[in-house]
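Geometric and topological summary
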Amino acid sequence: MAVKVYFATNRQPYTDPGSGRITRFGDDPGPVGGLNVRYGSADVDVDLDARTNTMVAGSLHVADEQLIPAQGGQPQLGSSTIFDALRNDMKTSQRPTIAFIHGFSNSFTDAIERAGWISAFYGLDAKMFAFTWPSRGSPLGVPLPYTDYTHDRKTALMSGPAVARTIRRLHDYVDSLPPDLACDQPIHLLCHSMGNYVLRNALQALMRLPDPAVASHSGEAVSDMVPLPQNVPDPSVLRRTFDKIVLAAADEDADAFDDPAKLKFLPRIGQSVSVYHSLKDWVLNTLSDRTKFNGPRLGSDGPDNMATISDKVTAIDCADVTSFTKDPEEHQYYRVFPVVRNDIVQVLRGVPQNKIRNRAAVSQGRYRIKPA
C-alpha cells in the first residue's frame, strides 16, 4: 500500500552538490537555530501483513521557497504549496488529516515511515501530516542511549517555536481562503512520547508570540518570530485548531494539565484531549523518569488529578492490553496493538468517551481498555 505523507521539519537540510536539491534531513536543528521550517512530501510503502514500512527511494519532495522575491514579485512559500495539496485532497475526498508529532529516537526517515504506517494501520482513510523535529534515530537497548536522550530533550525544547510557527502559518493560510475553497474537514493531532514535550513548548510559544492580526490593527510592524515581553502565558490568543487531540505514552510531567507553563491550556486548541498511558511503559519508567529525574510521567501515571483539570481531558489506561512479547518497551502500543488502535480510532471518529467499546470506567474521566 502506497501512502503519501506530507511533512514540515526544522531539521538541518542537506543538498545534492550538483543540483542544490535537498536530498535528506539530518538529526540536528536547521538554520536560524531550528526556527526555519521546510515543507514537503514523501511516499511510504506499507505492508501491514509483513509489518514493514519503507520510504520509497526518490520520493522525497521538498517544496520550493523564495522568501525574498525579485523586485515586484511575491514570496514563494513552501507551506502554501503543501497546504494547497492537503486542502485539495481533503475537499475532493471528504477525508480528515492527522497531524503527527513523533517521539524520541526517530530519524527523519523513521518519522516519515512511522506516519505512513499509522495511516494504514488506523484505516481511517485520512491524510497524514508529520512534523518531524531533530531527534536521533538511536536504537533502544543496553546500554541505554543516555546521550541521545539528552540531545533529543534539548532539541525538543528548541523545536517548540518551530511547531508554533507552523500552526500560526496554518492559521494564516486558512484565514486567507475564500469560503468556496474551504474543505470543511477536521484536522486531528497525534503526539507520541517526547513529541508531547515538543507540543508543550509549541503551546507555550503560541501564547508568547504576538498575534499578527493585533499587530496589523495597531499599526505595529511586529514579526511573528519575536517573543512578547512577558513571563506569563496569555491563553486568550489561542484558537481552536484541531478536532481530536491524542497524547500517547507522553514523556511529559503528570501534573502538566495543572500547570499554565505546561499543558493546562492545551484543551483550548482542540475539541477533546485523550491521554493514553501505561504503568508498564519501560521507556518512561526507566529512561525518562528514574534515569533523567523528570518525575512522574503523564504517559505512565496519567494526569495527577482529573478533578482539577479541564473536563475535555480523558485518561485511558492501556496496561492490561500491552505485552512484552509484541512490544519489549511497551511504549509503542498506539501503533502496535490493534485493541489500542481501535480505541483511538473510535475517539477520532467522534464516539463519545463513555460510549467507546471495550472500555471499563475507573473514575471521573478515567477509563481502562479491556483485553479483547
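What comes next is a walk through the structure. (Residues numbered from 1 in each chain as written. Predicted model: local features only at pLDDT ≥ 70, side-chain atom pairs only at ≥ 80, totals over all residues. Heavy atoms only, no water.)

Positioned with a positive phi, Val32 is a non-glycine residue whose angle comes to about 55 degrees. Residue position: Val32 is located in the loop between strand S3 (22-29) and strand S4 (38-47). A positive phi angle, close to 65 degrees, is found at Ser105, a residue other than glycine. Residue position: Ser105 is located in the loop between strand S7 (97-101) and helix H2 (108-122). When its relative accessible area of 12% is taken as the criterion, Ser105 is described as buried. (Helix = DSSP H or I, 4+ residues; strand = E, 2+ residues; numbered from the N terminus. Buried < 20%, exposed > 50% of the residue type's maximum accessible area, 1.4 Å probe, protein only.)

Looking now at the packing of helix H3 (residues 146-175) against helix H4 (residues 195-206). Axis separation between H3 and H4 bottoms out at 7 Å; the angle between their running directions is 50 degrees. What the angle tells us is that H3 and H4 run oblique. The interaxial crossing formed by H3 with H4 has right-handed handedness. Of the residues in H4, those in contact with Arg153, Ala156, Leu157, Ser159, Gly160, Pro161, Val163, Ala164, Ile167 and Arg168 of H3 are Tyr197, Val198, Asn201, Ala202, Ala205 and Leu206. Residue composition of the contact of H3 with H4, by class: 11 nonpolar, three polar and two charged. (Axes fitted to C-alpha atoms, helices over the stretch in contact; angles between N-to-C directions. Parallel < 35°, antiparallel > 145°, perpendicular 65-115°, else oblique. Left-handed = near helix turned anticlockwise from the far one by under 90°. Contact = heavy atoms within 4.5 Å. Nonpolar A, V, L, I, M, F, W, Y, C, P; charged D, E, K, R; others polar.)

Now for the layout of surface pockets. Quantified by volume, the largest pocket comes out at close to 630 Å³. Lining the largest pocket are 33 residues, with Leu170, Val174, Ile187, Thr241 and Phe242 sitting closest to its centre. The element that contributes the greatest number of residues to the lining of the largest pocket is H3, accounting for seven residues. Classifying every residue of the lining of the largest pocket gives 23 nonpolar, five polar and five charged. (1 Å grid on protein atoms, 1.4 Å probe; cavity = no way out; pocket = protein on both sides within 12 Å on 5 of 7 lines; lining within 4 Å. Points joined across faces, edges and corners; volume = space filled by probe spheres on them.)

Our focus in this paragraph is the pairing of S7. For a regular strand, side chains alternate in direction, first toward one face of the sheet and then toward the other. Within S7, five of the five residues are buried, which leaves it mostly tucked inside the rest of the structure. Here S7 shows two buried faces, one formed by Thr97, Ala99 and Ile101 and the other by Ile98 and Phe100. Of the strand pairs in this sheet, S7 and strand S8 (residues 127-132) are connected by five bridges, and their pairing is parallel. Pairing of Ala99 across the sheet is with Phe129, part of S8. The β-α-β motif built from S7, the intervening H2 and the parallel element S8 has right-handed crossover chirality. Looking at chain direction, S7 and strand S9 (residues 187-192) are connected through five bridges and run parallel. Residue pairing in the sheet places Ile98 in a bridge with His188 of S9. (Pairing = 2+ DSSP bridges. Right-handed = clockwise from strand over helix to strand, strands pointing away.)

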